[in-house]
Amino acid sequence: PEQKEQVKTNIAQKLKEQDAVLVAHYYVDRDLQELAEATGGYVSDSLDMARFGNEHPATTLIVAGVRFMGETAKILNPEKRVLMPTLEAECSLDLECPAPEFIAFCDQHPDHTVVVYSNTSAEVKARADYVVTSSIAVDLVSWLDEQGKKIIWAPDRHLGNYIKRVTGADMLLWQAACVVHDEFKSRALGELIGKYPDAAVLVHPESPEEIIKLADAVGSTTQIINAAKNLPNKRFIVATDHGIFYKMQQAAPDKEFIEAPTMGEGATCRSCAHCPWMAMNGLHNLLEVLETGKNEIFVEESIRVKALQSTQRMLDFAK
Ligand code: 13P
Ligand code: SF4
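Keep in mind the model is a prediction, meaning the values are calculated, not measured.

Secondary structure summary: the protein chain contains 15 helices and 12 strands in total. Relative to the globule expectation of 20 Å for 319 residues, the C-alpha radius of gyration of the protein chain, 19 Å, shows essentially globular dimensions. By principal-axis analysis of the C-alpha atoms, the protein chain measures approximately 50 × 50 × 35 Å. Counting all 319 residues of the protein chain, 48% fall into the buried class. The contacts in the protein chain between residues at least 6 apart in sequence include a share of 64% that link residues at least 24 apart.

Dropping the structure here:
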């Protein structure tokens, strides 16, 4: 523990020396979340991470999360240096939506408005009309639907299906899934609800439909933390990455949080409610990046300029 504190002190000092700010997602290690908060940085969902990085005056952004979050920061802030503790942190949604296939799919449906989740590569964002995160996806698609637009949605099929059910919009869905949320098991969740009938169920919309159907609140990571704070229940069952428990417990200290089950009877899980890529971010690789300047994010300028249009529309819509 003493050594850990020393590493944290070194990181804090280097952040200051380099005019750098740490922006972290709720799913990364608790040490990184604590450090972000203690050093004037920020911990939030993917929309607010983008907003914070865009508005903060620091000349270097350190993004603790997965690659699309670093790329989004660079798309919005080409003049800033954007570093990440690791460049290996992928996202299954991004991996399952390769740009050439996606572009070909969009080209086959030229009468459709292209809306992509922020969990995508810069190239995919460059082909999109709008980027959204889970916190504004339903609102943005309803707004497009009111204008009579037909929509291509990518890449998360569960989130896409959820939006389609809620808005009734005409949507063509790409078929990728998140390795974490796809693992929640509805039968085991039903049994847990039976055991704790007083508990409210909080669900991230990357989860399968049968899980969403059992939810009392569905939303982005920030939105479900707010639900934990605002709903009167004393106990919650939470279907998202368990990294969220640190801030959730802080937001509602007198409440109890239980992980939704990822293991149905006889089943195995690939990720057990924790994103393997988020888990690659740690204190040691963060310090190394500050010492060496490695792991800088670059986005090719012609792609960046196009991706900026769809990403800026996300920020403008979210205002
Ligand atoms: P949020 O925008 O809700 O933080 O979601 C990002 C993510 O990767 C969820 O798996
Ligand atoms: Fe991607 Fe899922 Fe990890 Fe979020 S939790 S970064 S959606 S793989």
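There is more to say, and it comes next.
The next subject is the site of ligand 2. In the vicinity of ligand 2 lie 13 residues, with V66, C91, C178, V180 and C275 positioned nearest. Taken together, the residues of the shell around ligand 2 sort by class into 9 nonpolar, 2 polar and 2 charged.

Time to look at the pairing of strand β5 (residues 112–117). Sheet topology places β5 next to strand β7 (residues 150–154); 5 bridges connect them, and they run parallel. Looking at β7, one finds that V114 is bridged to I152. Two strands pair when backbone bridges link them, and β5 and strand β6 (residues 130–132) are joined in this way by 3 bridges, in the parallel orientation. Within the sheet, the bridge partner assigned to V116 lies in β6 and is V131. The β-α-β motif built from β5, the intervening helix α7 (residues 122–127) and the parallel element β6 has right-handed crossover chirality.

Calculation notes
Residues numbered from 1 in each chain as written. Chains lettered and ligands numbered in written order. Predicted model: local features only at pLDDT ≥ 70, side-chain atom pairs only at ≥ 80, totals over all residues. Helix = DSSP H or I, 4+ residues; strand = E, 2+ residues; numbered from the N terminus. Rg over C-alpha atoms; globule rule 2.2 N^0.38 Å. Buried ≥ 20, exposed ≤ 12 C-beta atoms within 10 Å, placed from the backbone. Contact = placed C-beta atoms within 7 Å. Near = placed C-beta within 6 Å. Nonpolar A, V, L, I, M, F, W, Y, C, P; charged D, E, K, R; others polar. Pairing = 2+ DSSP bridges. Right-handed = clockwise from strand over helix to strand, strands pointing away.

Remember, this is a structural readout, not a statement about activity or role.
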